[in-house]
Amino acid sequence: MYQFFVEDEQIGADVISITGADVNHIRNVLRMKPGEQVRISNQRGRDFLCSVAALSEQEILLNIEERDIKNTELASKIYLFQGIPKGERMETVIEKAVELGVYEIIPVAMKYCVVKLDEKKAQKKVARWQEIARSAAKQSKRSLIPQIHPVMNFREAAAYAMQCDRCLVPYENEAGMAAAKRAFEHLSDAGSISVFIGPEGGFAGEEIEALRGQSQVLSLGARILRTDTAAITMLSLLMMKLEQEQEQADAQAKE
Ligand code: SAH
């Protein structure tokens, strides 16, 4: 079933109106017919099951069949703090992180970042990254569009990350797997989880020291992962554990 995002004002009592670029997509690309079902999200966690009622050149009307259907969000909000990598790697991280259920992505300018973005360039990048997040959210049928935060410097980012219930920091020079084991236990006790990933150049000594003490610093094994691989690995593990804990909790609630 296809999914589309709408604004709240497009949602009526019994009918949802689709306008703009989605009209052409639904009519001429997907060639949908009256009666076909679609999933609609208000971008903020409310989902509807609808069926196509009428199609015109400017507007498509959908009948709401079921409101507030089960949403597709993870039980905990994951905030990904990503040291900005060069080239297209940030785009890869954003696309994959959105598929894996991230809640918000904060691009962080760190000491060993290879790219340095000035204010104007950073704004343009963030707008592009937000577009990538939107289309990944649509494709993966998310119930919300994860926000791409404006670029933060390390100090701002560290302070923001500490506001989460749990802060996980994969660090390339950390040894042993005990910390990683602990980090992934009882995840759903944490409503919000921050994950802080260094850029290609890694963490500067003073950066990791600023995070240590207030976060769980952990190793992802004996090999050095590229920054995008490290982010995707962390999010995959979190996604899997959170889904399992959720299913267990649902089963217990039913008993
Ligand atoms: N230039 C550094 C590697 C940086 S890798 C070096 O050669 O040592 C980029 C980021 O990915 C790291 O800062 C860390 O956050 C994460 N990362 C990569 N490999 C990791 C590992 N084995 N364990 C934990 N974190 C890792």
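Look above for the structure.
Residues numbered from 1 in each chain as written. Predicted model: local features only at pLDDT ≥ 70, side-chain atom pairs only at ≥ 80, totals over all residues. Heavy atoms only, no water.

J.: Before we go on, may I ask you to explain the site of the ligand in this structure?
T.: Close contacts around the ligand come from 19 residues, with Pro170, Glu172, Glu200, Leu220 and Arg223 the closest. Between Pro170 and the ligand, the recorded distance is 2.7 Å, taken from a backbone N or O atom to an oxygen atom. For the ligand, a nitrogen atom lies 2.7 Å from a polar atom in the backbone of Arg223. Isolated, the ligand exposes 560 Å² of accessible area, and the fraction of that covered by the protein chains is 84%. When each cavity is represented as a set of grid points, the ligand is found to reside in the largest pocket. Considered class by class, the residues forming the shell around the ligand number 10 nonpolar, 6 polar and 3 charged. (Near = heavy atom within 4 Å. Polar contact = N/O pair within 3.5 Å; in protein donor to acceptor, adjacent residues only side chain to side chain. Areas by Shrake-Rupley, 256 points an atom, 1.4 Å probe, with all protein chains shown as cover. 1 Å grid on protein atoms, 1.4 Å probe; cavity = no way out; pocket = protein on both sides within 12 Å on 5 of 7 lines; lining within 4 Å. Sits in = over half its atoms within 2 Å of the grid points. Nonpolar A, V, L, I, M, F, W, Y, C, P; charged D, E, K, R; others polar.)

J.: Which parts of the structure should I look at to understand helix H4 (residues 154-161)?
T.: For the α-helix, the turn length of 3.6 residues means that residues three or four positions removed from each other point alike. Those residues of H4 lying buried are Phe154, Ala157, Ala158 and Ala161. Down the axis, H4 shows its buried residues gathered within 100 degrees of arc, on one side only. On its buried side, H4 packs onto strand S6 (77-83), strand S7 (104-109), strand S9 (152-153), strand S10 (166-170), strand S11 (192-197) and helix H6 (205-211). (Buried < 20%, exposed > 50% of the residue type's maximum accessible area, 1.4 Å probe, protein only. Helix = DSSP H or I, 4+ residues; strand = E, 2+ residues; numbered from the N terminus. Arc of directions from axis to C-beta. Contact = heavy atoms within 4.5 Å.)

J.: Even after reading the chapter, I still don't get helix H2 (residues 89-99), so can you show me in this structure?
T.: Regarding H2, the residues found buried are Met90, Glu91, Val93, Ile94, Ala97 and Val98. For H2, the angular spread of the buried residues around the axis is 160 degrees, confining them to a single face.

J.: I would appreciate a short explanation of the nonpolar core in the present structure.
T.: Within soluble globular proteins, side chains that are nonpolar generally end up buried alongside one another. By size, the foremost hydrophobic cluster in this structure holds 58 residues, and its most contacted members are Leu80, Ile94 and Phe196. If near-sequence neighbours (up to four positions away) are discounted, Leu80 is found in contact with Val93, Ala97, Val102, Glu104, Ile105, Ile106, Val195, Ile197, Ala231 and Leu235. (Core = buried A, V, L, I, M, F, W, Y, C linked by side-chain atoms within 4.5 Å.)

J.: Hey, could you run me through the environment of Ile60 in this one?
T.: Relative to the elements of secondary structure, Ile60 occurs in strand S5 (residues 60-67). Considered as a pair, Ile60 and Ile16 are 44 residues apart in the sequence and their alpha carbons are 8.3 Å apart. Dropping the residues within four chain positions of it, Ile60 is found in contact with Ile16, Ser17, Ile18, Val23, Ile26, Arg27, Val52, Ala54 and Leu55.

J.: So what exactly am I meant to see when it comes to the layout of surface pockets here?
T.: One way to see where empty space is left: roll a probe the size of a water molecule over the atoms. By volume, the largest pocket amounts to about 330 Å³. As for the largest pocket, its lining consists of 21 residues, and the residues nearest its centre are Glu172, Ile224, Leu225, Arg226 and Ala230. Here the residues of the lining of the largest pocket are counted per class, giving 10 nonpolar, 6 polar and 5 charged. The space that makes up the second largest pocket amounts to roughly 270 Å³. Around the second largest pocket, the lining comprises 14 residues; the ones closest to its centre are Leu117, Asp118, Glu119, Ala122 and Val151. Of all the elements, helix H3 (residues 119-139) adds the most residues to the lining of the second largest pocket, at 4 residues. Taken together, the residues that form the lining of the second largest pocket break down as 10 nonpolar, 1 polar and 3 charged. (Points joined across faces, edges and corners; volume = space filled by probe spheres on them.)

J.: Explain the state of the cysteines here, please?
T.: Working definition: the covalent bond between the sulfur atoms of two cysteines is a disulfide. In the structure shown here, the tally under the stated rule is 0 disulfides. Left unpaired, Cys113 is separated from the closest cysteine sulfur, that of Cys167, by 17 Å. By relative accessible area, Cys113 is classed as buried at 7%. For the unlinked cysteine Cys164, the closest cysteine sulfur is that of Cys167, found at 7.2 Å. (Disulfide = S-S within 2.5 Å.)

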